[in-house]
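Observations on chain architecture
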2 protein chains.
Amino acid sequence: MRHTISILVENKFGVLTRVAGLFSGRGYNIDTLNVGPTQDPTASRMTIVTRGDDATVEQILKQLNKLPEALEVTDFHEGEFVDRELVLVKVGVNSKTRADVMQITDIFRAKIVDVQPKSLTVEVTGTEEKVGKFLELMKPYGIRELTRTGKVALSRS
Amino acid sequence: MRHTISILVENKFGVLTRVAGLFSGRGYNIDTLNVGPTQDPTASRMTIVTRGDDATVEQILKQLNKLPEALEVTDFHEGEFVDRELVLVKVGVNSKTRADVMQITDIFRAKIVDVQPKSLTVEVTGTEEKVGKFLELMKPYGIRELTRTGKVALSRS
C-alpha cells in the first residue's frame, strides 16, 4: 500500500540526510520526496510517498517521530487530504501532431510553457492519477524529457 | 547566487541519501529538493536549488559528477530553462474576506482545491517569483498551512 507522509522539520543542518538515511538504512522505498520552505522561516515541510505493509509504515512513522528535528509527522489517509503534483514534460511534435498535443493539453487544463520547432514543453498539475493519465496520452508522441515534483499534500481539516 | 541543479540518477538504493549527504557533509545549503520518476523506469530526476559562490557550486557539481549513480548533471543558467513550482496553501477566510481571496486566486490563475467554513486551500503554480508574490498577498488573511514542491526545471533546447 502507498502512503503519503508529511513531515514538518526544523531547518537544521543535515535533517534531509537523516530522514533519507532512515529510509535507505532500513530498506524502505521512497517513490517521491520533496522538501521546501513554509510560512515559518525556521521550518520546512517534506512530503514522502512510500510503499509498504502497515507494520512497515508504522515502523517508519515511529522512527520519524523519534527524530528531534521532526516537529510534526502526519500519515495521510484516503479522503482526509488534498494532494497535487506538478510535471514538466517535453513532447516531440511535428507539423502534423502539434495540434493533437495542444488539444489534449487543453482538455487537461495543462499549459504549454515552451515551444520549439520539434517539441512542446507542457506543465500539468493534478492528482497522481490525472497526471499519470496525461503522460500515458503523451507517450505515443514521444516523451523527450520529464521531471515531476512528487506529491504535496495538506489536510482538509 | 542561487543555482538550479538537475540530476538524472539511477534508481539505486540509497542514492538520495548519498546526494543529500554530499551537501550536508560539506556545509552546502539546500533551499529545495525534489525527486520523482521519469519516463525511464530505471531512472529518477532530482532538482536541487542551492546557494553559493561560483567556486562552491563548481565543487558541488564536481562531486555530483563523481557519483556512479549520477547519469547526467545539469547546472541551469538563466534563460536556458523553464522552471515551475507548485504550492498548496490553506488561507484563513471569513464571510467578509472569502471573495477577496477568490479574486486574487483568479488573477493568478490559481485554483481553489478545498473549501472549509473558515479556510480555502489554493493550488498555485508558476515561477518562484509568481508563487512568492501570491503568498505575499495571502499573508494578511492568515496562512494556516503551506507546502511547496520546490522547483522543477527542463532545458529549452
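Note: the structure precedes this text.
Residues numbered from 1 in each chain as written. Chains lettered and ligands numbered in written order. Predicted model: local features only at pLDDT ≥ 70, side-chain atom pairs only at ≥ 80, totals over all residues. Heavy atoms only, no water.

Quick look at the overall build of chain A
From N to C terminus, chain A includes 4 helices and 9 strands. Along chain A, helices and strands appear, N-terminal first, in the series β-α-β-β-α-β-β-α-β-β-α-β-β. C-alpha extents for chain A along the principal axes are approximately 55 × 35 × 35 Å. With 157 residues in all, chain A has 56% of them scored as buried. For chain A, the computed accessible surface area is about 7,300 Å², with 50% contributed by carbon and sulfur atoms. The positive charge centre, built from 22 side chains, and the negative charge centre, built from 21, are 6 Å apart in chain A. (Helix = DSSP H or I, 4+ residues; strand = E, 2+ residues; numbered from the N terminus. Buried < 20%, exposed > 50% of the residue type's maximum accessible area, 1.4 Å probe, protein only. Areas by Shrake-Rupley, 256 points an atom, 1.4 Å probe, with all protein chains shown as cover. Lys, Arg positive; Asp, Glu negative; His and termini not counted. Charge placed at Lys NZ, Arg CZ, Asp CG, Glu CD.)

Let's talk about unusual backbone geometry
Most of the time, phi is negative for any residue but glycine, and the peptide bond is trans. We note that Arg-109 of chain A has phi near 50 degrees; this positive angle belongs to a residue other than glycine. Note that Arg-109 of chain A resides in the loop between helix 3 (98–107) and strand 6 (111–116).

Concerning the sheet that holds strand 3 (residues 43–51) of chain B
Across a sheet, strands are paired by hydrogen bonds formed along the backbone, either parallel or antiparallel in direction. Read from one edge to the other, the open sheet built from 8 strands follows the order 4(A)-1(A)-3(A)-2(A)-2(B)-3(B)-1(B)-4(B), with strand pairing classed as antiparallel. Unpaired on one side and paired on the other, strand 4 (70–76) of chain A together with strand 4 (70–76) of chain B mark the two borders of the sheet. Ignoring strand direction, the axes of neighbouring strands in this sheet form an average angle of 20 degrees. Two elements, strand 2 (residues 29–37) of chain A and strand 3 (residues 43–51) of chain A, share 8 bridges in a ladder whose sense is antiparallel. From the neighbouring strand, Gly-36 of chain A faces strand 3 of chain A, where its bridge partner is Arg-45 of chain A. (Pairing = 2+ DSSP bridges. Axes fitted to C-alpha atoms, helices over the stretch in contact; angles between N-to-C directions.)

Here's the deal with the packing of helix 1 (residues 15–25) of chain B against helix 2 (residues 54–66) of chain B
When two helices pack together, you describe them by how their axes are tilted relative to each other and by the distance separating the axes. Residues and elements named next belong to chain B. One way to put it is that helix 1 packs onto helix 2 with a least axis distance of 11 Å and a crossing angle of 150 degrees. By the angle between their axes, helix 1 is roughly antiparallel relative to helix 2. Note that helix 1 runs across helix 2; the crossing there is right-handed. Residues Val-19, Leu-22 and Phe-23 of helix 1 lie in contact with helix 2, whose contacting residues are Ile-60, Gln-63 and Leu-64. Looking at the contact of helix 1 with helix 2 residue by residue, the class counts come to 5 nonpolar, 1 polar and no charged. (Parallel < 35°, antiparallel > 145°, perpendicular 65-115°, else oblique. Left-handed = near helix turned anticlockwise from the far one by under 90°. Contact = heavy atoms within 4.5 Å. Nonpolar A, V, L, I, M, F, W, Y, C, P; charged D, E, K, R; others polar.)

Describing the interface of chain A and chain B
Taken together, the 53 residues of chain A in the interface contact 53 residues of chain B. When the two sides are added together, the surface that chain A and chain B hide from each other amounts to roughly 4,400 Å², 60% of it contributed by carbon and sulfur. Looking only at chain A, the three residues that lose the most surface to chain B are Phe-13, Gln-39 and Leu-154 of chain A, adding up to 13% of its buried area. Taken together, the links from chain A to chain B amount to 6 salt bridges. For Arg-84 of chain B, the salt bridge identified is with Glu-123 of chain A, shortest N-O distance 2.9 Å. At the level of secondary structure, the elements contributing two or more residues to the side of chain A that touches chain B comprise helix 1 (15–25), strand 2, strand 3, strand 5 (81–92), strand 6, strand 7 (119–126), strand 8 (143–148) and strand 9 (152–155) of chain A. (Buried area = accessible area lost by both parts, 1.4 Å probe. Salt bridge = Lys/Arg side-chain N within 4 Å of Asp/Glu carboxyl O.)

Brief notes about helix 3 (residues 98–107) of chain B
Residues and elements named next belong to chain B. Buried within helix 3 we find Val-101, Ile-104 and Thr-105. Angular distribution of buried residues about the axis of helix 3 spans 105 degrees; they occupy a single face of the element. Turned more than 90 degrees away from the buried face of helix 3, the exposed residues are Ala-99, Gln-103, Asp-106 and Ile-107. Positive backbone phi, at 50 degrees, marks Arg-109, one or two positions downstream of helix 3. (Arc of directions from axis to C-beta.)

Considering the relation of the copies chain A and chain B
Mapping between the two chain copies consists of a rotation about an axis together with a translation along that axis. With an axial shift of 0.0 Å and an RMSD of 0.0 Å, the rotation relating chain A to chain B amounts to 180 degrees. Taken together, the turn and the small shift mark the pair as related by a two-fold rotation axis. Measuring from the rotation axis to each C-alpha of chain A, the shortest distance belongs to Asn-34 of chain A, at 2.0 Å. Most of the interface of chain A is mirrored in chain B, where 100% of its interface residues are also at the interface. (Least-squares fit on C-alpha atoms with pLDDT ≥ 70 in both.)

Brief notes about a nonpolar patch on the surface
Residues and elements named next belong to chain A. Taken together, Met-102, Ile-112 and Val-115 make up a surface patch of nonpolar side chains, about 250 Å² in accessible area. As for its position among the elements, Ile-112 is in strand 6. Overall, Ile-112 belongs to the partly exposed group, its relative accessible area being 33%. (Patch = residues over 30% accessible without salt bridge, like charges linked within 9 Å, V, L, I, M, F, W, Y side chains within 5 Å.)

A short note on the packing of aromatic side chains
In the structure shown here, the tally under the stated rule is 6 aromatic pairs over all chains. Plain terms: the ring middles of Phe-23 of chain A and Tyr-28 of chain A are 6.1 Å apart, the flat faces sit at 85 degrees to each other, and that makes the pair edge-to-face. (Phe/Tyr/Trp six-rings, centres within 6.5 Å; stacked < 30°, edge-to-face > 60°.)

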